[in-house]
Amino acid sequence: MNALGRKFKNFWESPDSPFDLVLVGSVFFLLLFGICVMYSSSSVTAWREFQDSEYFLKKQLAWAVIGLVVFFFFANFPYKRLERFALGGMIISVLLLILVFIPGVGKSVGTYYGRNFHRWIGIGPYQLQPSEIAKLAVVVYLSSLIVKLKLKETRDPKKFILPAVLLLSVLILILAEPAFGTTMEILFVVIAFVFLFGFPVRNLLLVGLVSLPLAYLLISQVGYRRKRMEVWLDPYRFRYDEGHQLVTSFRAFLDGGWFGNKLASGYAHRYLTYSHTDFVLATYVEDFGFIGFLFFFALVMILLSRVYVLLKRVQDPFGFYLGAGLLFILGTQFVINSYVVTGLFPITGISLPFMSYGGSSLLVVLAAFGILVNITRKENIGV
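Not measured: the values here are computed from a predicted model.

So, how was this worked out
- Residues numbered from 1 in each chain as written.
- Predicted model: local features only at pLDDT ≥ 70, side-chain atom pairs only at ≥ 80, totals over all residues.
- Heavy atoms only, no water.
- Helix = DSSP H or I, 4+ residues; strand = E, 2+ residues; numbered from the N terminus.
- Expected span 1.5 Å × (residues − 1).
- Buried < 20%, exposed > 50% of the residue type's maximum accessible area, 1.4 Å probe, protein only.
- Arc of directions from axis to C-beta.
- Contact = heavy atoms within 4.5 Å.
- Axes fitted to C-alpha atoms, helices over the stretch in contact; angles between N-to-C directions.
- Left-handed = near helix turned anticlockwise from the far one by under 90°.
- Nonpolar A, V, L, I, M, F, W, Y, C, P; charged D, E, K, R; others polar.
- Core = buried A, V, L, I, M, F, W, Y, C linked by side-chain atoms within 4.5 Å.
- Phe/Tyr/Trp six-rings, centres within 6.5 Å; stacked < 30°, edge-to-face > 60°.
- Lys NZ or Arg CZ within 6 Å of the ring centre and 35° of its normal.

Draft legend 1. Local environment of helix H3 (residues 55-76). Helix length check: H3 (22 residues) gives 33 Å between terminal C-alpha atoms against 32 Å at 1.5 Å per residue, within 8%. Residues of H3 that are buried include every one of Phe 56, Leu 57, Lys 59, Gln 60, Trp 63, Ala 64, Gly 67, Phe 71, Phe 74 and Ala 75, and no others. Down the axis, H3 shows its buried residues gathered within 145° of arc, on one side only. Exposed positions of H3 whose direction lies more than 90 degrees from the buried face are Val 65 and Val 69. Packed against the buried residues of H3 are helix H2 (21-50), strand E3 (126-128) and helix H14 (359-375).

Draft legend 2. Region of interest: the packing of helix H13 (residues 317-341) against H14. At a minimum axis separation of 10 Å, H13 and H14 run at an interaxial angle of 145°. Where H13 crosses over H14, the handedness of that crossing is left-handed. Residues Gly 319, Leu 322, Gly 323, Leu 326, Leu 330 and Gln 333 of H13 lie in contact with H14, whose contacting residues are Ser 361, Val 365, Ala 368, Phe 369, Ile 371, Leu 372 and Ile 375. Of the residues belonging to the contact of H13 with H14, the class tally is nine nonpolar, four polar and no charged.

Draft legend 3. How the structure looks around the nonpolar core. In terms of nonpolar packing, the biggest core is built from 89 residues, with Leu 82, Val 170, Phe 296, Leu 322, Phe 354 and Phe 369 touching the most fellow members. When residues in this core are grouped by element, the largest group, 13 residues, is from helix H12 (residues 280-311). Excluding residues that lie within four positions of it along the chain, Phe 296 makes contacts with Leu 30, Phe 33, Leu 281, Tyr 284, Phe 334, Leu 352 and Met 355.

Draft legend 4. Quick peek at helix H10 (residues 244-256). With 13 residues, H10 extends 18 Å between its outermost C-alpha atoms, agreeing within 8% with the 18 Å of an ideal straight helix rising 1.5 Å per residue. Burial in H10 covers these residues: Gln 245, Leu 246, Val 247, Thr 248, Ser 249, Ala 252 and Gly 256. Phi turns positive, to about 55°, at Gly 257, one or two residues after H10.

Draft legend 5. Region of the structure containing the packing of aromatic side chains. Under the defined criterion, the tally for this structure stands at 23 aromatic pairs. Summarising the aromatic geometry, the rings of Phe 50 and Tyr 55 are spaced 3.8 Å apart at their centres and angled 15° between planes, so their arrangement reads as stacked. A relative accessible area of 26% means that Tyr 55 is categorised as partly exposed. Consider the rings of Tyr 79 and Phe 318, whose centres lie 6.4 Å apart with planes at 10°: the pair is stacked. You can see Tyr 79 sitting in the loop between H3 and helix H4 (86-99) and its partner Phe 318 sitting in helix H13, a full 239 residues away along the chain. Taken individually, Tyr 79 and Phe 318 each receive the classification buried, so the pair is uniform in this respect. An aromatic cluster is built from Phe 29, Phe 33, Tyr 284, Phe 288, Phe 295, Phe 296 and Phe 334, whose rings are joined through pairwise contacts. Here the guanidinium or amino end of Arg 239 rests over the ring plane of Tyr 240, the centre of that ring lying 5.7 Å away. The ring of Tyr 267 is capped by Arg 251, whose NZ or CZ atom sits 3.9 Å from the centre of that ring.

Spelled out as structure tokens, the structure:
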């Protein structure tokens, strides 16, 4: 038994191939698995709206093909060169975020309560979501910045003005779309980098406490955010309007039971809004039950823990911080989406990696894992 344990430990911690097979295999399996789940979740809606049950599947497959090209590109592109493009990537992200507000270029979506969301740029029949690209740009930029700070290349406070302006510009523009969930994701990543830099945890907690009044104002003084908090606290009170998504999600989890139901036949597939995007996990559990949920959770944990094990041995500082930032933002996305669908977190509009319908999200997720595969190549990790 001990010999078997040692063999497993050596396999888990010491990849023999140039690319880590567990990491690459997990990404490919989750991509295929996620497309199948998205198809089941979207087929009823696609037929109702387009008379084509495969409408969303075809578009997601097209994005997946492009995403695989992006994945292989970043898996082979020398990741250290990304440090050179860190500033340019941030500037491009800011420009793209501005474009969503320009009529004729940006694509807005109105809601039944009168709010317009400006989150996309129209590219023919497809849409690009700049806030997803901005997340990747922020991680690369902060990784580059923290390496420079660690090397003590700059102590002049004036040199912090540009980074502060760029980060605030990204956050303000995303908040104005509005995309509060993505804003929170980026803020969490910034906090994670501050922690990695060595800032005392006690001081981080104090900063968080001091920021609570600002967070309260951002929620209480904006109508739709205040409404979302009310819905989150008592969804059944609003079950026939704003609380419909969450209440239907609860029903999907209940109806799924232990082993699920016949594919795409449940209540949530017919009546859950955005069942194939932000709430895809609810329809998945309705199809495959709690056992299916545990299976998906295990897949995600294998993937993220594998990245963690490999990153601990990365020798290059920029590679380590870049990988840690990507791991954190991907892990945060998995957690927040799961919490939203189960009612543990207010609805934020954050997609579930691999499973939610959406080209921009899928491209960024595959790009991120392509970079992670590159960083954790055998020649980049210590013995």
